[in-house]
Amino acid sequence: MADGCACDRHAHMYLTVSDALDRGLSVADPLTGTETLPLTQAIGRVLAEDCASKLDMPAFDNSAMDGYAIRTSDLGAEPVFDLPVAGRVAAGDSGTHTAPKGSALRIFTGAPVPPEFDAVLMQEDCDVLNGRIQFSHRPKPGQHIRRAGEDLKAGAPILRRGCEIGAREAAALAASGYGEVEVYRKLKVTIFSTGSELRQPGEPLEPGQIYNSNRYMLLALLNKPWVELTDRGPVADKPALLEQVLREACETSDLIITTGGVSVGDEDHMPRLFSAIGGQTEVMKVAMKPGKPIMFGRCGDALYVGLPGNPVSAYVTWQIIGAQMMARRAGLHRVERTPEHAVLAEPLQRRAGRQEYRPVRIDGTAPDGTPRLRLMAASYSGRVALLAQADGLAVIPAETEVLPAGHRLDFLRF
Ligand code: AMP
Ligand code: MG
């Protein structure tokens with residue numbers, strides 16, 4: 001730089017990433033509509049009610065082992081105990097079995113332990129001969145019995161509203177007796193990519209044209225059971241056309257995501273068009289790299305996120321800001337992603353001013369096991385193929401100019 005200043009001189013005019021995110025979240029109201037669905041159809045959706053167990057878990061005393069149920073009061077002082085086996089209880093039986101005093105019951109894992117029986121012997125610890133068992137180790141009362149309610153009492157909370165119903169949540173809901181649950185309605189999302197240069201992969205390219213990568217990136221990022229997606233494909237940089245598509249999207253969507261056209265060039269129409277159709281712009285400039293041109297705001301009930309056109313910038317701004325706004329809008333409670341620690345494998349020099357998310361590859365580990373990061377390139381916002389080879393993003397604080405090899409950084413692993 002001619003004046004010797006190693007900083008981005010306009011950075012102070014921009015919002016910090018965390019202020020921008022706060023403002024984004026403040027306009028991303030959670031959906032209010034919900035629906036009740038059978039559990040099979042609720043998988044992958046966002047839970048809209050706090051759930052408590054409908055029953056004690058386990059619901060009845062049951063055996064934790066395959067073996068033999070006994071009454072410890074039947075055992076005397078003999079060195080080897082010897083009991084006849086008087087019956088059999090398997091998982092699914094009612095557990096109302098009775099057996100004469102001084103006898104054992106064959107029992108299997110998950111089978112109800114009949115009244116008065118107070119211990120289960122593992123079959124590995126018994127010798128079995130002519131319908132009798134012999135064992136030498138005296139069991140303690142309660143051994144290998146899972147008591148009713150010992151995991152959870154009926155009425156105890158199991159899940160909070162705002163979680164995504166994944167495998168673990170679905171299993172917990174099923175075990176607690178939920179045949180159906182209340183979930184948020186699907187989030188209606190419309191996407192389109194602005195740019196007269198964009199062509200669909202598979203078509204031939206004319207001079208000056210490029211393939212539309214952002215569309216496919218967004219299709220992948222939005223491939224979620226709680227999203228109802230409208231894909232308007234590419235839209236040329238023609239104000240009347242862009243305005244029409246934007247206006248329609250505002251009327252029918254909870255969230256609109258566009259790429260490109262949010263910068264300051266003559267062909268960057270989105271900020272002006274968004275205002276023209278009545279949109280309230282919340283944020284225009286964020287001190288982040290990549291991704292300086294990003295905007296978001298609200299138009300009626302629709303939330304609008306205008307991502308930069310450069311694919312790496314679009315990806316990073318989406319991950320750092322857009323995805324969190326969408327999650328909140330969909331009813332998900334906020335789960336802050338905690339970055340890992342990592343160390344630089346090589347020194348770093350850059351211009352201070354903007355918080356940077358630099359694509360990196362993991363190159364071995366430091367002696368304490370921390371991943372070592374190799375920087376991929378200093379200039380990368382359009383290099384989308386590079387992103388596919390990266391292992392994650394290194395977070396470089398806004399004020400940082402130089403860092404030595406071995407320096408610790410936050411690392412967001414893909
Ligand atoms: P813009 O933000 O519209 O000025 O675009 C910035 C850069 O990103 C330009 O080089 C565009 O050609 C490129 N670009 C914009 N949209 C896309 C897209 N959907 N796929 C790939 N590159 C894009
Ligand atoms: Mg453009």
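Residues numbered from 1 in each chain as written. Chains lettered and ligands numbered in written order. Predicted model: local features only at pLDDT ≥ 70, side-chain atom pairs only at ≥ 80, totals over all residues. Heavy atoms only, no water.

### Observations regarding the domain arrangement of the protein
Accessible area lost when the parts come together is the quantity often used to give the size of an interface. For the protein, the assigned domains read domain 1 (6-33 + 185-330), domain 2 (34-57 + 153-184), domain 3 (62-146) and domain 4 (340-413). Relative to domain 3, the C-alpha centre of domain 1 lies at a distance of 66 Å. (Domains from an automatic or database assignment.)

### What to know about the sheet that holds strand β20 (residues 293-299)
Strand pairing within a sheet occurs via backbone hydrogen bonds; the two strands may be parallel or antiparallel. Pairing is mixed in the open sheet, where six strands are placed in the order β16-β13-β17-β21-β20-β18. Strand pairing shows two members of the sheet lacking a second neighbour, β16 (227-235) and β18 (280-285), which therefore form its edges. Pairs of neighbouring strands in the sheet enclose a mean axial angle of 15°, with direction left out of account. For strand β13 (residues 187-194) and β16, the ladder comprises seven bridges, and the chain directions are parallel. Residue pairing across strands places serine 193 opposite proline 234, the latter belonging to β16. (Pairing = 2+ DSSP bridges. Helix = DSSP H or I, 4+ residues; strand = E, 2+ residues; numbered from the N terminus. Axes fitted to C-alpha atoms, helices over the stretch in contact; angles between N-to-C directions.)

### A closer look at the pattern of salt bridges
Tallying each qualifying case throughout the model produces 19 salt bridges. Between arginine 232 and glutamate 248 there is a salt bridge; the shortest N-O distance is 3.0 Å. On the criterion of sequence distance, the pair formed by arginine 232 in strand β16 and glutamate 248 in helix α5 (residues 239-252) is long-range, its members being 16 residues apart. A residue is classified by how much of its surface remains accessible, and arginine 232, at 37% relative accessible area, is partly exposed. What makes glutamate 248 partly exposed here is its relative accessible area of 32%. With a shortest N-O distance of 2.6 Å, glutamate 340 and arginine 413 are connected by a salt bridge. Linking glutamate 340 in strand β22 (residues 340-344) with arginine 413 in strand β28 (residues 408-413), this pair joins segments that are 73 residues apart in sequence. The partly exposed category is assigned to glutamate 340, whose relative accessible area is 28%. Via salt bridges that share partners, Arg71, Asp74, Lys101 and Glu116 belong to a single interconnected network. (Salt bridge = Lys/Arg side-chain N within 4 Å of Asp/Glu carboxyl O. Buried < 20%, exposed > 50% of the residue type's maximum accessible area, 1.4 Å probe, protein only.)

### Considering helix α3 (residues 167-175)
Of the residues making up α3, those classed as buried are Glu169, Ala170 and Leu173. Considered in projection along α3, the buried side chains sweep an arc of 100° and stay on one side of the axis. Opposite its buried face, α3 presents the exposed residues Ala167 and Arg168, each directed more than 90 degrees away. Next to the buried residues of α3 lie α2 (39-42), β2 (51-52), β11 (157-159) and β12 (180-184). Of the residues flanking the end of α3, it is glycine 177, one or two places downstream, whose phi is positive at about 95°. (Arc of directions from axis to C-beta. Contact = heavy atoms within 4.5 Å.)

### A few points about the pairing of strand β17 (residues 255-259)
Across the five residues of β17, five count as buried, placing the element largely inside the fold. Residues Leu255, Ile257 and Thr259 point to one face of β17 and Ile256 and Thr258 to the other, with burial holding for every one of them. Note: β13 against β17, five bridges, orientation parallel. For serine 193, the partnering residue across the bridge sits in β17 and is threonine 259. Pairing between β17 and strand β21 (residues 302-307): five bridges, direction parallel. Pairing of leucine 255 across the sheet is with leucine 303, part of β21.

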